[in-house]
Amino acid sequence: MVLPAIDMADSKQPRRFPLKTVKLLALAALLAIGITAARPATRDIYPDPGQAKADLAAALKTAAQTHKRVLIDFGGNWCGDCQVLDIYFHNAENLPILDANFVLIHVNVGHMDTNLDIAGQYQVPVDKGVPALAVLNEHGKLLYSQRSGEFEAMRRMDPSSVTSFLVQWKSTKAGCSAVAVNC
């Protein structure tokens, strides 16, 4: 017995997929969403390495005008810990402290082979790991540099470590408490 061929395009019935196929498609969609969400941020935080000297000069000028400290962040866009540090800098607890007290500049060190002269000028051994920070006063004098890769493992650190750092190195103004955020 031969069955006649059925043309599905002419059928008035909607095409139904087996439940197994629907489940597989749903699982594939969820996996795609999960993979996208799990990927580390790859935002461009660090500008072209050639901009570092001009950016530093601009930051020093702004700091002198606003009486803020300069916070130099040495790192690279490839660095997951650098990405986390930037997220922590800009969270709800740290951003007000950062904005009120610092001029933040990001210095791209490439793959530990660029702008090493600037890192050396501020006594930051990037070979110990990045991100690495230096703090300058409003006149450009070095106040602090991370010499032991303190934030090199930022992914495993709490945002409060950044808060403590910012509070410790913000400038103190006459009549202000050391723990006041906007003083």
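Residues numbered from 1 in each chain as written. Predicted model: local features only at pLDDT ≥ 70, side-chain atom pairs only at ≥ 80, totals over all residues. Heavy atoms only, no water.

Engineer: Help me get a handle on the packing of helix H3 (residues 80–89) against helix H6 (residues 159–169), residues and values and all.
Structural biologist: At a minimum axis separation of 9 Å, H3 and H6 run at an interaxial angle of 65°. As far as their axial angle goes, H6 and H3 are roughly perpendicular. Crossing angle aside, the handedness with which H3 passes H6 is right-handed. Together, Leu85, Tyr88 and Phe89 of H3 and Pro159, Val162 and Leu166 of H6 make up the contact between the two elements. Here the contact of H3 with H6 is built from residues that sort into 6 nonpolar, no polar and no charged. (Axes fitted to C-alpha atoms, helices over the stretch in contact; angles between N-to-C directions. Helix = DSSP H or I, 4+ residues; strand = E, 2+ residues; numbered from the N terminus. Parallel < 35°, antiparallel > 145°, perpendicular 65-115°, else oblique. Left-handed = near helix turned anticlockwise from the far one by under 90°. Contact = heavy atoms within 4.5 Å. Nonpolar A, V, L, I, M, F, W, Y, C, P; charged D, E, K, R; others polar.)

Engineer: Which residues make up the sheet that holds strand S3 (residues 132–136), and what values do they have?
Structural biologist: Spatial strand order, S2-S1-S3-S4: 4 strands in an open sheet with mixed pairing. The sheet is open, and its two edges are formed by strand S2 (102–108) and strand S4 (142–145), each paired on a single side. Neighbour-to-neighbour, the strand axes of the sheet open up by a mean angle of 20°, direction not taken into account. In this sheet, S2 lies alongside strand S1 (residues 69–75) in parallel orientation, the contact comprising 7 bridges. Its bridge partner being in S2, Ile72 is matched across the sheet by Ile105. (Pairing = 2+ DSSP bridges.)

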